[in-house]
Amino acid sequence: CTPQMRRSAFSNTAIGAQALPLALQPFGMPGCDLLVSSDATVLLVPVANAATWLLIVPHSGALQGVEFYSQAFGFDPGANAAGFVNSNAGRCRLGH
C-alpha cells in the first residue's frame, strides 16, 4: 500500500496569486492539474488498499454553508517523473 496525500482548501480558483487549475506538467506530472489551493494537507496511509479521511466538524450555526474543496494525490513511482498521480476535485458544503 502506498501513502496518499489529501489536500483540503477554501479555494478552487487560485493558490496565492496563481490561478487554478494549474498544470503540473512542469513538475513532472503530465496530464495532471492542481485544482484546489493548499490550505491543509493530510498524509494518509492505506490499510488493506483503502485510506479513510475523517473530518470532525463542530455543530455550529456559524459554519452553515461553508464550502471547502478536496483533491487527492497518490504515490505511483511508475506513472511519471514526479511519482504521483492526482484525483479530480470534490466540493463540500456544510449544513446542506
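That block above? That's the structure.
Residues numbered from 1 in each chain as written. Predicted model: local features only at pLDDT ≥ 70, side-chain atom pairs only at ≥ 80, totals over all residues. Heavy atoms only, no water.

When helices and strands are tallied, the protein shows zero helices and eight strands. When the helices and strands of the protein are placed in sequence order, the string is β-β-β-β-β-β-β-β. For the protein, the C-alpha atoms occupy an extent of roughly 45 × 40 × 15 Å along the three principal directions. Of all 96 residues assigned to the protein, the portion counted as buried reaches 25%. Summarising the internal contacts of the protein: among those between residues at least 6 apart in sequence, 63% fall at separations of at least 24. By element, 58% of the accessible surface of the protein is carried by carbon and sulfur atoms, the whole surface being about 6200 Å². (Helix = DSSP H or I, 4+ residues; strand = E, 2+ residues; numbered from the N terminus. Buried < 20%, exposed > 50% of the residue type's maximum accessible area, 1.4 Å probe, protein only. Contact = heavy atoms within 4.5 Å. Areas by Shrake-Rupley, 256 points an atom, 1.4 Å probe, with all protein chains shown as cover.)

According to the stated counting rule, one finds two salt bridges in the structure shown. When the shortest N-O distance is used, the salt bridge between Glu67 and Arg91 registers 3.2 Å. Placement of Glu67 in strand E7 (residues 67–75) and of Arg91 in strand E8 (residues 84–93) is noted, with a sequence separation of 24 residues between them. What makes Glu67 partly exposed here is its relative accessible area of 22%. Salt bridges sharing partners connect three or more residues here, namely Glu67, Arg91 and Arg93. (Salt bridge = Lys/Arg side-chain N within 4 Å of Asp/Glu carboxyl O.)

Moving on to the nonpolar core. Counting six residues, the largest nonpolar core consists of Leu20, Leu24, Met29, Cys32, Leu34 and Phe73. Aside from chain neighbours lying at most four places away, what touches Leu20 is Ser11, Asn12, Thr13, Ala14, Ile15, Leu34, Leu35, Val36 and Ser37. (Core = buried A, V, L, I, M, F, W, Y, C linked by side-chain atoms within 4.5 Å.)

The subject of this paragraph is the packing of aromatic side chains. The tally for this structure, following the rule as stated, stands at one aromatic pair. Each ring, one from Phe75 and one from Phe84, has its centre 5.6 Å from the other, and the planes form 65°; the classification is edge-to-face. (Phe/Tyr/Trp six-rings, centres within 6.5 Å; stacked < 30°, edge-to-face > 60°.)

Within the fold, Asn80 resides in the loop between E7 and E8. Separated by 3.1 Å, the side chain of Asn80 and the backbone nitrogen of Ala82 make a polar contact. Among the polar contacts made by the side chain of Asn80, one reaches the main-chain carbonyl oxygen of Phe84 at a distance of 2.7 Å. (Polar contact = N/O pair within 3.5 Å; in protein donor to acceptor, adjacent residues only side chain to side chain.)

Strands sit in the order E6-E1-E7-E8 across an open sheet of four strands; the sheet is antiparallel. Since the sheet does not close on itself, it has two edges, and those belong to strand E6 (40–44) and E8, each with one partner. Strand-to-strand twist of the sheet, defined as the mean angle between neighbouring strand axes without regard to direction, takes the value 20°. In the sheet, E7 pairs with E8 via eight bridges, with the strands oriented antiparallel. Paired with Glu67 across the two strands is Arg93, which belongs to E8. (Pairing = 2+ DSSP bridges. Axes fitted to C-alpha atoms, helices over the stretch in contact; angles between N-to-C directions.)

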